Amino acid sequence: EAQVTQNPRYLITVTGKKLTVTCSQNMNHEYMSWYRQDPGLGLRQIYYSMNVEVTDKGDVPEGYKVSRKEKRNFPLILESPSPNQTSLYFCASSLRGQSNQPQHFGDGTRLSIL
Amino acid sequence: AQSVTQLGSHVSVSEGALVLLRCNYSSSVPPYLFWYVQYPNQGLQLLLKYTTGATLVKGINGFEAEFKKSETSFHLTKPSAHMSDAAEYFCASLESSYDKVIFGPGTSLSVIP
């Protein structure tokens, strides 16, 4: 089954404790992206990746890091989480080179930073 | 810069009534346009998309949307609401020259029995 898998689904942690949210897709998609969803703001892009070893900042990259060492994986790293990063996070993937292709989304990761 | 607005953060309709969710975009060129639906505790699922060609686009679950360039709109409609349609709906645009999708703020749809 084609899917984007995020882990964990829920996480409560404290300020400053490094955390990683994993994202994996099994569709051989080149393009992957991270979003955060906040009430009234819709989805805002954090980082995206066109292909392996190619990443770029989205609209709200501050406080986040990503890496793309393998095509299927695109982890989101919060080196020193802060309460303003409490949010619902989504990973998405799509085919590259066909920009009208819709994205496939994971089920989301709800992060609470205390 | 491209942007997407959705009029009404929350819409309530009676079961069986018409559903109309509004979306307007701003873009220097006609973009690709999408409607996504998000059910509780789930990610976004594609309802329909407009790329080129026919301006009336049909999607899943009986939804359709019409691209109107003169109005820069892409409103989502469904003739008869069902309880299972209650969800959050997001309009999104993508300019062909960019690999970046811009999402609107979302509209929460409630269906009243």
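An account of the accompanying structure is given in this report. (Residues numbered from 1 in each chain as written. Chains lettered and ligands numbered in written order. Predicted model: local features only at pLDDT ≥ 70, side-chain atom pairs only at ≥ 80, totals over all residues. Heavy atoms only, no water.)

This paragraph deals with the pairing of strand β11 (residues 109-113) of chain A. All names here are of chain A. Here β11 shows a buried face lined by Thr109, Leu111 and Ile113 and an unburied face lined by Arg110 and Ser112. Here strand β2 (residues 10-13) pairs with β11 via four bridges, running parallel. Across the sheet, the residue bridging to Leu11 is Leu111, located in β11. Judged from the three bridges that link them, strand β9 (residues 87-94) and β11 form a sheet pairing that is antiparallel. Pairing of Leu88 across the sheet is with Arg110, part of β11. (Buried < 20%, exposed > 50% of the residue type's maximum accessible area, 1.4 Å probe, protein only. Helix = DSSP H or I, 4+ residues; strand = E, 2+ residues; numbered from the N terminus. Pairing = 2+ DSSP bridges.)

Here the focus is the side chain of A:Ser49. All names here are of chain A. Within the secondary structure, Ser49 is located in strand β5 (residues 42-51). Of the polar contacts made by the side chain of Ser49, one reaches the side chain of Arg68; its length is 2.7 Å. The residues contacting Ser49, other than those within four sequence positions of it, are Glu30, Tyr31, Met32, Val54, Thr55, Arg68 and Phe74. (Polar contact = N/O pair within 3.5 Å; in protein donor to acceptor, adjacent residues only side chain to side chain. Contact = heavy atoms within 4.5 Å.)

In this section: the interface of chain A and chain B. Many authors give the size of an interface as the accessible area that is lost as the parts come together. In this assembly, 23 residues from chain A lie in contact with 22 residues from chain B. Buried area between chain A and chain B, summed over both chains or domains, comes out near 1,700 Å², and the portion from carbon and sulfur atoms is 51%. Summed over the shared surface of chain A and chain B, the result is three residue pairs in polar contact (both at pLDDT 80 or more). Counting only elements with at least two residues in the side of chain A that touches chain B, the list comes to β4 (31-38), β5 and β9 of chain A. Tallying contributions element by element places β5(A) first for the side of chain A that touches chain B, with four residues. Residue classes in the side of chain A that touches chain B are distributed as 10 nonpolar, nine polar and four charged. (Buried area = accessible area lost by both parts, 1.4 Å probe. Nonpolar A, V, L, I, M, F, W, Y, C, P; charged D, E, K, R; others polar.)

Moving on to the state of the cysteines. Linking two cysteines covalently via their sulfur atoms produces the bond known as a disulfide. Across all of its chains, the model carries two disulfides over all chains by this definition. Each disulfide pairs two cysteine sulfurs, and for A:Cys23 the partner residue is A:Cys91, the sulfurs being separated by 1.9 Å. Between A:Cys23 and A:Cys91 the sulfur-sulfur dihedral comes to about -75°; the bridge is accordingly left-handed. Of the two residues, A:Cys23 is situated in strand β3 (residues 19-25) and A:Cys91 in strand β9; the sequence distance between them amounts to 68 residues. A relative accessible area of 2% means that A:Cys23 is categorised as buried. The disulfide partner of B:Cys23 is B:Cys91, and the S-S distance across this bridge is 1.9 Å. (Disulfide = S-S within 2.5 Å.)

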